Amino acid sequence: MKTKNINLISTNNYQRAKGKLKISFMNSDEETLIHNLHQSGALKVLIPKSKSKYAEAVLINTGGGIVGGDNLSIEVEASKKTNTWITTQASEKVYKSISEQSILSTKVTLEDNATLFWCPKETILFNNSKLIRNLDFDIKSSSKLLIIENIVFGRLASGELNADCFFSDHWRIKRDEKLIFAENFLFEDKKTMYRKTNLGNYRSLLNIMYLSQDSKNFLNKMRNIISSENIFGEASHWNDFISLRALAKNPIEFKKTIEDILILFVDKKSKIPRILSI
């Protein structure tokens, strides 16, 4: 009896991406400018010319996505009286992983009277992807922070309607060095993902958070926006903090919702960074 030799390649031999990006902003004569910048590996940043008082930073993953074993780290610091948009060039795609989990860590710090809009494009979790994500925000009472994060489960256009993903999401928000929000969110497999108490028939999750002393003024307006759209969600307010969470069957349904909420905070569509409209 003949036996066939099969050469197995260890996953330890696969190439993994590492990336680190650290950027800080400063106020100079009422204009927000880059103060320090360090970028290495797969993470880069572009600074397009802004038509408003806000500086714009566009984050780029030159690897074209994230695979198992990748480790990416982003740090953003906004000094006193700065105004900043942070977004991404494209959707972040998390590909199938054979064994290892990928890690994406973000830390955002705002000093007194700083305003920052954290608005990356959606993160798409492919079938059999494995992602651990850490989001840490450290702000001051006088600062303003808007967070928009959208997760899509599966390549819906390719028929991945029941993608099997591992997704571990860790949120920490501090104000004046005191923890005010902490959440650990875990989907281990599609058995837990698509329960009626979790995603059910929905395939896209939207988190929007607004932290500011004037946050209460926006609660009903944000509720009216999501109630007029074809999505399922709700917003709540406590301790100068709005938390909105919504579900949709298709991420396209969130496009108008996100645009309307951004206009709510900047008054005009023309003030939204052009890349968010692409």
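Above: the structure in question.
Residues numbered from 1 in each chain as written. Predicted model: local features only at pLDDT ≥ 70, side-chain atom pairs only at ≥ 80, totals over all residues. Heavy atoms only, no water.

So, on to a nonpolar patch on the surface. Together, Ile34, Leu37 and Ile47 make up a nonpolar patch on the protein surface, roughly 230 Å² of accessible area in all. For Ile47, the location among the structural elements is in the loop between strand S3 (43-46) and strand S4 (55-61). (Patch = residues over 30% accessible without salt bridge, like charges linked within 9 Å, V, L, I, M, F, W, Y side chains within 5 Å. Areas by Shrake-Rupley, 256 points an atom, 1.4 Å probe, with all protein chains shown as cover. Salt bridge = Lys/Arg side-chain N within 4 Å of Asp/Glu carboxyl O. Helix = DSSP H or I, 4+ residues; strand = E, 2+ residues; numbered from the N terminus.)

By the definition in use, this model includes 16 aromatic pairs. Ring geometry for Phe167 against Phe185: centres 6.2 Å apart, planes inclined by 65°, an arrangement best described as edge-to-face. Of this pair, Phe167 sits in strand S13 (residues 166-175) while Phe185 sits in strand S14 (residues 178-187), and the two are 18 residues apart along the sequence. Here the aromatic rings of Tyr210 and Phe218 are separated by 5.4 Å at their centres, their planes lie at 75°, and the arrangement is edge-to-face. Residue Tyr210 is classed as buried on the basis of its relative accessible area of 3%. Chaining the aromatic ring pairs together yields one cluster made of Phe153, Phe167, Phe185 and Phe187. Over the face of the ring belonging to Phe218 we find Lys221, whose NZ or CZ atom lies 5.8 Å from the ring centre. (Phe/Tyr/Trp six-rings, centres within 6.5 Å; stacked < 30°, edge-to-face > 60°. Buried < 20%, exposed > 50% of the residue type's maximum accessible area, 1.4 Å probe, protein only. Lys NZ or Arg CZ within 6 Å of the ring centre and 35° of its normal.)

Side chains of a nonpolar character, in soluble globular proteins, are inclined to be buried together. Judged by nonpolar contacts, the single largest core of 48 residues is most densely connected at Val76, Leu116, Trp118, Phe137, Phe153 and Ile173. Core analysis: the next-biggest nonpolar cluster, separate from the first, contains 27 residues, Tyr54, Phe218, Ile226 and Ile231 among them. (Core = buried A, V, L, I, M, F, W, Y, C linked by side-chain atoms within 4.5 Å.)

A word on the environment of Asn207. Examined against the element boundaries, Asn207 turns out to sit in strand S15 (residues 204-211). Taking the C-alpha atoms as reference points, Asn207 and Ser243, separated by 36 residues in sequence, lie 7.5 Å from one another. Each residue touching Asn207, except ones within four places of it in the same chain, is listed here: Ile147, Ile148, Glu149, Trp171, Leu244 and Arg245. A distance of 2.8 Å separates the side chain of Asn207 from the side chain of Arg245, its partner in a polar contact. (Contact = heavy atoms within 4.5 Å. Polar contact = N/O pair within 3.5 Å; in protein donor to acceptor, adjacent residues only side chain to side chain.)

This part is about the packing of helix H2 (residues 219-227) against helix H3 (residues 253-266). Each pair of packed helices can be summarised by the angle the axes make with each other and by the distance between the axes. Between H2 and H3, the shortest axis-to-axis distance is 10 Å and the interhelical angle comes to 160°. Looking at the two axes, H2 sits roughly antiparallel to H3. When the axes of H2 and H3 are compared, the crossing they make is right-handed. Taking contact as the criterion, the partners of Lys221, Met222, Ile225 and Ile226 in H2 are, on H3, Thr257, Asp260, Ile261, Leu264 and Phe265. (Axes fitted to C-alpha atoms, helices over the stretch in contact; angles between N-to-C directions. Parallel < 35°, antiparallel > 145°, perpendicular 65-115°, else oblique. Left-handed = near helix turned anticlockwise from the far one by under 90°.)

Attention shifts here to the environment of Leu206. Along the chain, Leu206 turns up in strand S15. Residues Leu206 and Met26, spaced 180 residues apart in sequence, show a C-alpha to C-alpha distance of 30 Å. Setting aside anything within four residues of it in sequence, one finds Leu206 in contact with Ile148, Glu149, Asn150, Leu244, Arg245, Ala246, Phe254, Thr257 and Ile258.

Moving on: the side chain of Thr192. Among the secondary structure elements, Thr192 is positioned in helix H1 (residues 190-193). On the basis of relative accessibility, which here comes to 16%, the residue Thr192 falls in the buried class. In terms of polar contacts, Thr192 uses its side chain to reach the backbone carbonyl oxygen of Asp189, at 2.9 Å. For Thr192, the contacting residues outside a window of four places in its chain are Phe187 and Asn198.

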